[in-house]
Amino acid sequence: MPSYLNVMIEGCCHGALDDIYAALREVERRRGVKVDLLICCGDFQGLRSEADFEALAVPAKYREMNSFVKYYRGEAEAPCLTVFVGGNHEASNQLGSLFYGGWVAPNIYYMGAAGCVNVGGWRLVGASGIWHKRHYQLNHYELRAERVDVRDVIRSAYHVREVDVFRLALLGERTVDAVVSHDWPRGVEQYGDAAGLARRKPHFRDEMQRNDLGSPANEILLNALKPAHWFAAHLHVKFAAVVRHQGGAATRFLSLSKVLPDHDFLQLLEARIGAQEVVSLELHLARIRAAIDSPGADVKVRVEQFGQALDSPLRSLPPAPDPQVPAGDPAAGPTGSGPTSQVTSGG
């Protein structure tokens, strides 16, 4: 018999885990349900100590530790399995050290730059970061540093890279139940109440008219994967749309706001799954079929799920300069640790 997961979707987190979990518990009380999974759509801002401010791309006046540090230190515990993707306001040193994903605190899991997990039979793709044309075709040169904390790379570190988009596209059409990103897929507003969005957010109008609102990289993934659901944030507005693909498939898109009074930042979803006794998290790594002619040569990635082979050169970079790493480590805590008994390797 099929069963269900109660999934809570949350928009921009900004480290406000106490407020998010309090709101989640209130929804549980009112609806008479138990949430199995919380999904945060970026700007998680998991600061472990004040040292992480040096790797956070926000003005100094917005620097605030917030409540994540309590979960990192074990002073508080997440009430349900929590997974998240990275946005454009993150401790890039922390997430850079967990490039393929990992536990940032007990029961709180980062999905990596581009990852895929299976939660209780629900297959979920995570695409971290936001679009920036300048860096899209570059490699992850920031990872050469032990810690990403130099002014010119803490921003490029959260820009989406072509190699990760095609790595996720290799998963194939209709093979995942949901995609989680921070940025919207470009043009997705055209499949919902675009006029209403323009009234609520008039500064979006120029981008909407140019078909420039959202990420071209996520638009590629939307058309390649055709997931049943897509969850995002970034633009601090609740917006829903239904994208109908050729062949009859449809993707239900939902974006949510940030954690503020009178903002729509939470949405409860009942996800139908196969019979499962335990809600666990299974990791999957998508493989790239690459051919490297010689060191430093361009890498050709062939993606065949589009109906035609798509060759994409991934340009090589010269060695990045070594950064000046400030002395002192973040406060001791369980970075990269978690309930490993729940994690199994996937293909």
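A short tour of the structure in this document, coming up. (Residues numbered from 1 in each chain as written. Predicted model: local features only at pLDDT ≥ 70, side-chain atom pairs only at ≥ 80, totals over all residues. Heavy atoms only, no water.)

## Some remarks on the environment of A198
- Position of A198 among the secondary structure elements: in helix α6 (residues 194–200).
- The spatial distance from the C-alpha of A198 to the C-alpha of M208 is 8.3 Å, given a sequence separation of 10 residues.
- Contacts of A198, omitting those with residues within four sequence positions, involve R205 and M208. (Helix = DSSP H or I, 4+ residues; strand = E, 2+ residues; numbered from the N terminus. Contact = heavy atoms within 4.5 Å.)

## Digging into the pattern of salt bridges
- As enumerated under the stated definition, the model contains 11 salt bridges in all.
- A salt bridge links R30 to E26, with the shortest nitrogen-to-oxygen separation between them at 2.8 Å. You can see R30 and its partner E26 sitting in helix α1 (residues 17–31), 4 residues apart, about one turn around the helix.
- Between D164 and R167 there is a salt bridge, with the nearest N and O atoms lying 3.2 Å from each other. Here D164 pairs with R167, and both are found in helix α5 (residues 162–169), just 3 residues apart, close to one helical turn. (Salt bridge = Lys/Arg side-chain N within 4 Å of Asp/Glu carboxyl O.)

## Description of α5
- Most of α5 is tucked away: 8 of the 8 residues are buried.
- All of the buried residues along α5 are E162, V163, D164, V165, F166, R167, L168 and A169. (Buried < 20%, exposed > 50% of the residue type's maximum accessible area, 1.4 Å probe, protein only.)

## Things to note about the state of the cysteines
- Summed over the entire model, instances satisfying the criterion amount to 0 disulfides.
- In this structure C41 is a free cysteine whose sulfur lies 7.4 Å from that of C40, the closest cysteine sulfur available.
- For C41, a relative accessible area of 0% corresponds to the buried category.
- Considering cysteine sulfurs only, C40 is the nearest to C80, which forms no disulfide, with 8.8 Å between them. (Disulfide = S-S within 2.5 Å.)

## Digging into the packing of α5 against helix α8 (residues 216–225)
- Running from N to C, α5 and α8 cross one another at 10°; their axes reach a closest spacing of 9 Å. Here α5 lies roughly parallel to α8, going by the angle between them. On α8, the residues touching V165, L168 and A169 of α5 are A217, I220, L221, A224 and L225.
- Classifying every residue of the contact of α5 with α8 gives 8 nonpolar, no polar and no charged. (Axes fitted to C-alpha atoms, helices over the stretch in contact; angles between N-to-C directions. Parallel < 35°, antiparallel > 145°, perpendicular 65-115°, else oblique. Nonpolar A, V, L, I, M, F, W, Y, C, P; charged D, E, K, R; others polar.)

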